[in-house]
Amino acid sequence: MPRPESWLRVTPAGLYCQPGDFYVDPTRPVARAVITHGHGDHARPGNDAVLATPETIAIMRARYGEAAGGLQPAGYGERVALGDVAVTLVPAGHVLGSAQAVIDYRGSRIVVSGDYKRRPDPTCAPFEPQRCDLFITEATFGLPVFRHPPDRHEIDRLLHSLRLYPERCQLVGVYALGKCQRVLALLRAAGYDEPVFLHGALIGLTELYRGLGIELGPVLPCTGVERDTFKGRIVLAPPAALADRWTRRLPDPVIALASGWMRVKQRAKARGVELPLVISDHADWAELTATIDDVGAQDIWVTHGREEALVHYATQQGRNARALALTGFDEEEE
Ligand SMILES: [Zn+2]
Ligand SMILES: [Zn+2]
């Protein structure tokens, strides 16, 4: 059985699988890419050929048009031969269409998990742990201090603020892909069925989710709406719009932001966030360590965040663990 590091390596363009002749989430254009999910730091334009889930392909097509490259869909669990390896995409639980790339070669198995989380998300299929020889994990929240509270707890805080301030509006910063739709779905699951107003930059991907069968309830664009109409309402906008003159159309908004980073009080304060909502699409410390236990891999490579603590944890569990020096990934867009 070949050692995993003999057939997968880190290159300037990203992780390269030699016997399959492809890159996973390359940071520069390549001949063949396997893309784990649609976030801009993982799915970039300009590759000649792309293998991804049908949902990720729909997202890439919407974002990049022709520049998305030659797109080959592979549904979850479908085994695809690439060169001398077989690639199977399985759910990662991160955003709609997000996948772990399971790569099999001569009896050896590598899993590149991309970004993932373990808690239920009504907008995407749940993470499925795969037994493997080498597991490559993100570590965005790879410190023991990061414990995300239950989503319902955070949504209840938003709904409480809504009842408390009927003359104001709740302006919630959400990333356009994943977080926006998840917050909508969580609001619906909590029984909130009023229309939610969306900043223009959020409408395209929200429509795409609905087109793919994800129920998100009634949404309305903010354009042309009278200021008073927003009183006692929830408005979703990209985080960048929170400090923008765009907000002047809103009546005394309560500024909220839905992000795992809201655990860090200074971050919330620096962004002028009155209501920090700890809702993350990345695994917290408990989810990361549970996953390392679940996959049973002898080798663990850690990337994409705070690697040291997770490397330490895996080493303590008797695994060979190391930090990968992969560049080009953006920890903010989550
Ligand atoms: Zn992501
Ligand atoms: Zn990422």
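Description of the structure in this document. (Residues numbered from 1 in each chain as written. Chains lettered and ligands numbered in written order. Predicted model: local features only at pLDDT ≥ 70, side-chain atom pairs only at ≥ 80, totals over all residues. Heavy atoms only, no water.)

**Structural notes on the sheet that holds strand β13 (residues 196-198)**
Argument step 1. The parallel open sheet is built from six strands, whose spatial order is β14-β13-β15-β12-β16-β17. What marks the edges here is a single partner per strand, and that holds for β14 (219-221) and β17 (275-277). On average, each strand axis in the sheet is tilted by 25 degrees relative to the strand beside it, whichever way the strands run.
Argument step 2. Bridge count for β13 against strand β15 (residues 234-237) is two bridges, and the pairing is parallel. Counted as the bridge partner of F197 is V235 from β15.
Argument step 3. Against the sheet, helix α2 (residues 151-164) contacts β12 (170-173), β15, β16 (254-258) and β17, and its axis sits at roughly 155 degrees relative to β17. (Pairing = 2+ DSSP bridges. Helix = DSSP H or I, 4+ residues; strand = E, 2+ residues; numbered from the N terminus. Axes fitted to C-alpha atoms, helices over the stretch in contact; angles between N-to-C directions. Contact = heavy atoms within 4.5 Å.)

**Digging into the pattern of salt bridges**
Argument step 1. Taken as a whole, this structure holds 20 salt bridges when the rule is applied.
Argument step 2. Linking D284 and R119 is a salt bridge whose minimum nitrogen-to-oxygen distance equals 3.2 Å. Taken together, the residues D284 in the loop between β17 and α6 (285-295) and R119 in the loop between β10 (108-112) and β11 (134-139) connect sequence positions 165 residues apart.
Argument step 3. For D284, a relative accessible area of 3% gives the class buried.
Argument step 4. Residue classification places R119 among the buried positions, given a relative accessible area of 19%.
Argument step 5. Taking the shortest distance from any N to any O, the salt bridge between R119 and E287 comes out at 2.9 Å. Linking R119 in the loop between β10 and β11 with E287 in helix α6, this pair joins segments that are 168 residues apart in sequence.
Argument step 6. One network of salt bridges, with partners in common, ties together K117, D121, D151, R182 and D281. (Salt bridge = Lys/Arg side-chain N within 4 Å of Asp/Glu carboxyl O. Buried < 20%, exposed > 50% of the residue type's maximum accessible area, 1.4 Å probe, protein only.)

**Concerning the coordination of the zinc ion (ligand 2)**
Argument step 1. Surrounding the zinc ion (ligand 2) are the protein donor atoms H42 (NE2), D115 (OD) and H304 (NE2), at 2.1 to 2.2 Å.
Argument step 2. If you list the donors of the zinc ion (ligand 2) from N- to C-terminus, the spacing comes out as H-x72-D-x188-H.
Argument step 3. Metal-to-metal, the separation of the zinc ion (ligand 2) and the zinc ion (ligand 1) is 3.6 Å; D115 coordinates the two. A residue pair is termed long-range when its members are at least 10 positions apart, and D115 in the loop between β10 and β11 and H304 in strand β18 (residues 299-305) qualify at 189 residues. (Donors = N, O, S within 2.8 Å, 3.2 Å for Na, K, Ca; no water.)

**Topic: the packing of helix α3 (residues 179-189) against helix α4 (residues 203-211)**
Two quantities define a packed helix pair, namely the angle between the axes and the distance from one axis to the other.
Argument step 1. Following both chains from N to C, one finds α3 and α4 inclined at 60 degrees, their axes separated by 9 Å at the closest point. Relative to α4, the element α3 lies oblique. At the point where α3 passes α4, the crossing takes the right-handed sense. Packed against α3, whose contacting residues are C180, Q181 and L184, the element α4 presents L205, T206 and Y209 at the interface.
Argument step 2. Tallied by class, the residues present in the contact of α3 with α4 amount to four nonpolar, two polar and no charged. (Parallel < 35°, antiparallel > 145°, perpendicular 65-115°, else oblique. Left-handed = near helix turned anticlockwise from the far one by under 90°. Nonpolar A, V, L, I, M, F, W, Y, C, P; charged D, E, K, R; others polar.)

**Re the coordination of the zinc ion (ligand 1)**
Argument step 1. For the zinc ion (ligand 1), the protein coordination sphere consists of H37 (NE2), H39 (ND1), H94 (NE2) and D115 (OD), at 2.2 to 2.3 Å.
Argument step 2. Viewed at the metal, the four donor atoms of the zinc ion (ligand 1) are separated by angles of 91 to 165 degrees, and the geometry they form is irregular.
Argument step 3. Linear spacing of the donor residues for the zinc ion (ligand 1) on their chain is H-x1-H-x54-H-x20-D.
Argument step 4. Taking the relative accessible area as the measure of exposure, H37 reaches 1% and is therefore buried. (Tetrahedral: all angles 85-135°; square planar, octahedral: opposite > 155°, others 65-115°.)

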